[in-house]
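Given next are the chains, with one letter for each unit.
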Amino acid sequence: NAGVMQNPRHLVRRRGQEARLRCSPMKGHSHVYWYRQLPEEGLKFMVYLQKENIIDESGMPKERFSAEFPKEGPSILRIQQVVRGDSAAYFCASSPDRGPYEQYFGPGTRLTVT
Amino acid sequence: QQPVQSPQAVILREGEDAVINCSSSKALYSVHWYRQKHGEAPIFLMILLKGGEQKGHDKISASFNEKKQQSSLYLTASQLSYSGTYFCIANFGNEKLTFGTGTRLTIIP
């Protein structure tokens, strides 16, 4: 019974490159959430997706960031033209349904922009 | 809108009790509690729902005062494994979770 999986666990990119972060939710979960955590801070909501739909992207920067959750395959958070300020831990979480359900978090992807 | 937690940090000896408080300036639909150890993913502890239903961990308890828009997490007979940063997380009626300011708990032998 695999939990939420994220890859890569660590990603190093030079300024201006693209970063692609992948998240596979728990089996049977069709709701995915992405969060960003800066050092010594709590997690900040970025986007909530269901299969093929973005439900809430109010926490996502309007430029350079995009997310998708296709019918088949993992959810992808894409950051174009990365800058140093994008360096952070990116966590995804999944839940079985919408509403006040517990969210199960993946191990995170630590992005470092040099 | 970020929930405010108190205390910000606390150090306990193994076996002591702790209470962590969480206050919101906005009406809460539910409150979630998670614990995160350094460099790891947050782990679910508890959900408290409006109306009193509670789902969660059998060794940790919590309360939810809807009128005061507050929740408290109670850790009794703390163990070394309880160390970490505790977050209360507010749900204001949609699926988005808003993390609180965090409480760093350190348990010493």
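Summarised in this report is the structure supplied together with it. (Residues numbered from 1 in each chain as written. Chains lettered and ligands numbered in written order. Predicted model: local features only at pLDDT ≥ 70, side-chain atom pairs only at ≥ 80, totals over all residues. Heavy atoms only, no water.)

Some details on the overall build of chain A
Assigned secondary structure in chain A consists of zero helices and 11 strands. The linear arrangement of helices and strands in chain A, starting from the amino end, is β-β-β-β-β-β-β-β-β-β-β. Relative to the compact-globule value of 13 Å for 114 residues, chain A shows a C-alpha radius of gyration of 13 Å, a close match. By its C-alpha atoms, chain A is 35 × 25 × 25 Å across when sized along the principal axes. A total of 114 residues make up chain A; the buried ones form 45% of that total. A separation of at least 24 residues holds for 53% of the contacts in chain A among residues at least 6 apart in sequence. For chain A, the accessible surface area stands at approximately 5900 Å², while carbon and sulfur atoms represent 46% of it. Across chain A, 17 positive and 12 negative side-chain charges occur, with their mean positions spaced 7 Å apart. (Helix = DSSP H or I, 4+ residues; strand = E, 2+ residues; numbered from the N terminus. Rg over C-alpha atoms; globule rule 2.2 N^0.38 Å. Buried < 20%, exposed > 50% of the residue type's maximum accessible area, 1.4 Å probe, protein only. Contact = heavy atoms within 4.5 Å. Areas by Shrake-Rupley, 256 points an atom, 1.4 Å probe, with all protein chains shown as cover. Lys, Arg positive; Asp, Glu negative; His and termini not counted. Charge placed at Lys NZ, Arg CZ, Asp CG, Glu CD.)

Details of the overall build of chain B
Each helix and strand in chain B was counted, giving zero helices and 11 strands. Sequence-ordered secondary structure for chain B, helices as α and strands as β, is β-β-β-β-β-β-β-β-β-β-β. In terms of overall dimensions, chain B is globule-like: its C-alpha atoms have a radius of gyration of 13 Å, near the 13 Å expected for 109 residues. A principal-axis box enclosing the C-alpha atoms of chain B has dimensions of 40 × 25 × 20 Å. The buried share of chain B, reckoned over its 109 residues, is 48%. Carbon and sulfur atoms make up 48% of the accessible area of chain B, which amounts to about 5400 Å² in all.

Side note on the interface of chain A and chain B
Contact with chain A, which involves 22 residues of that partner, is made by 19 residues of chain B. With both chains or domains summed, chain A and chain B bury close to 1700 Å², and 56% of this area falls on carbon and sulfur atoms. At the junction of chain A and chain B, the tally comes to zero salt bridges. Linking chain A with chain B are three residue pairs in polar contact (both at pLDDT 80 or more), by the criterion used here. Secondary structure elements with two or more residues in the side of chain A that touches chain B: β4 (31-37) and β5 (43-50) of chain A. For the side of chain A that touches chain B, the class distribution of residues is 10 nonpolar, six polar and six charged. (Buried area = accessible area lost by both parts, 1.4 Å probe. Salt bridge = Lys/Arg side-chain N within 4 Å of Asp/Glu carboxyl O. Polar contact = N/O pair within 3.5 Å; in protein donor to acceptor, adjacent residues only side chain to side chain. Nonpolar A, V, L, I, M, F, W, Y, C, P; charged D, E, K, R; others polar.)

Concerning the state of the cysteines
In total, this model carries two disulfides over all chains according to the counting rule given. In this model, C23 of chain A is linked to C92 of chain A through a disulfide, with the two sulfur atoms separated by 1.9 Å. Since a negative S-S torsion denotes a left-handed disulfide, the C23 of chain A-C92 of chain A link at about 70° is right-handed. Taken together, the residues C23 of chain A in strand β3 (residues 19-24) and C92 of chain A in strand β9 (residues 88-95) connect sequence positions 69 residues apart. Taken individually, C23 of chain A and C92 of chain A each receive the classification buried, so the pair is uniform in this respect. Sulfur-sulfur distance for the disulfide between C22 of chain B and C88 of chain B comes to 2.0 Å. A torsion of 65° about the S-S bond marks the disulfide between C22 of chain B and C88 of chain B as right-handed. Of the two residues, C22 of chain B sits in strand β3 (residues 18-23) while C88 of chain B sits in strand β9 (residues 84-91), which places them 66 residues apart along the sequence. (Disulfide = S-S within 2.5 Å.)

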